[in-house]
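Architecture and fold: a report
This is what each chain is made of:
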Amino acid sequence: MKRRTFIKKTSISGLACTLPAIYPILPNTDYSVLELMGKEEIELFGEGINLRKEAYEAFLNMKKSAYSDGFDIKMVSSFRDYYRQEAIWERKYLRYTEDNDMQPLDAIDKIIEYSTIPGTSRHHWGTDIDIINGYANVSENVLDPQKFEQGGPFEAFKLWLDENSEKFGFYLVYTNEPKRRGFKYEPWHYSYAPISIPMLTAFRKINILKLLQKEEFLGSEHFTTGFLKTYLQDNILDINQKLL
Ligand SMILES: [Zn+2]
């Protein structure tokens, strides 16, 4: 064997031994499994904005444009890592099972009306945002669908977003189409499509079912393969078709 080939081969096999088998770097994508699951520290931009660079720049342009039309886009939530999502999940799980005496499976169904299983949130990607109009005088429970509807404090803001957000690359994720399953209508949740579309494509390539079955947080012992398959189909993939 020529020395060059030998070195190449040994370095490849050496690498294979050091990488944990369940978290491979994906071929043909720039995103690792850890990154897609919110377990990796990624570079985020903008104080109080916390998005990937390109999404951050697009967000600023949208904010400027909204501002000149009389709206002050206020970020309620953007990047959130796995551990933050785990804390949200466990807090809700305890509240539903202990305070409200719900059965574990009912509690899980209730949580996934609005909250994701840790490791599957689009907020892990640094591309997705929950936004409101800071000018509207709403103090509590700002993420309420009714507030974005006719007569609500965010009605005009929502109409502005319908008209303009896609020009800046931001698309509504959980639409109010009656046949859509999964998460309920979230008029506040937008995604920066130029990055989140390839990230979702990468996410679909990983064996998320297997990865989730290895996780341990409150309630996760009740996940069956059937439940997780339905969850992925409905909650992750039954979204605005333009984001697929
Ligand atoms: Zn959201």
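Where an unreviewed UniProt entry is consulted, the protein chain appears under the name D-alanyl-D-alanine carboxypeptidase-like core domain-containing protein, with the organism given as Flagellimonas maritima.

Moving on, we come to the overall build of the protein chain. Helix and strand counts for the protein chain stand at 9 helices and 4 strands. When its helices and strands are written in sequence order, the protein chain yields α-α-α-β-α-α-β-α-β-β-α-α-α. Here the protein chain holds 244 residues, and the buried ones make up 30% of them. In the protein chain, 70% of the contacts between residues at least 6 apart in sequence involve partners at least 24 apart.

It is the contact of helix α4 (residues 82-99) with helix α5 (residues 104-111), at a shortest axis distance of 9 Å, that shows an interaxial angle of 130°. In terms of orientation, α4 and α5 fall into the oblique class. α5 is crossed by α4, and the crossing has right-handed handedness. Taken together, the residues of α5 that come into contact with α4 (itself represented by Trp89, Lys92, Tyr93, Tyr96 and Thr97) are Pro104, Ala107, Lys110 and Ile111. When grouped by side-chain class, the residues that make up the contact of α4 with α5 number 6 nonpolar, 1 polar and 2 charged.

Calculation rules
- Residues numbered from 1 in each chain as written.
- Predicted model: local features only at pLDDT ≥ 70, side-chain atom pairs only at ≥ 80, totals over all residues.
- Helix = DSSP H or I, 4+ residues; strand = E, 2+ residues; numbered from the N terminus.
- Buried ≥ 20, exposed ≤ 12 C-beta atoms within 10 Å, placed from the backbone.
- Contact = placed C-beta atoms within 7 Å.
- Axes fitted to C-alpha atoms, helices over the stretch in contact; angles between N-to-C directions.
- Parallel < 35°, antiparallel > 145°, perpendicular 65-115°, else oblique.
- Left-handed = near helix turned anticlockwise from the far one by under 90°.
- Nonpolar A, V, L, I, M, F, W, Y, C, P; charged D, E, K, R; others polar.

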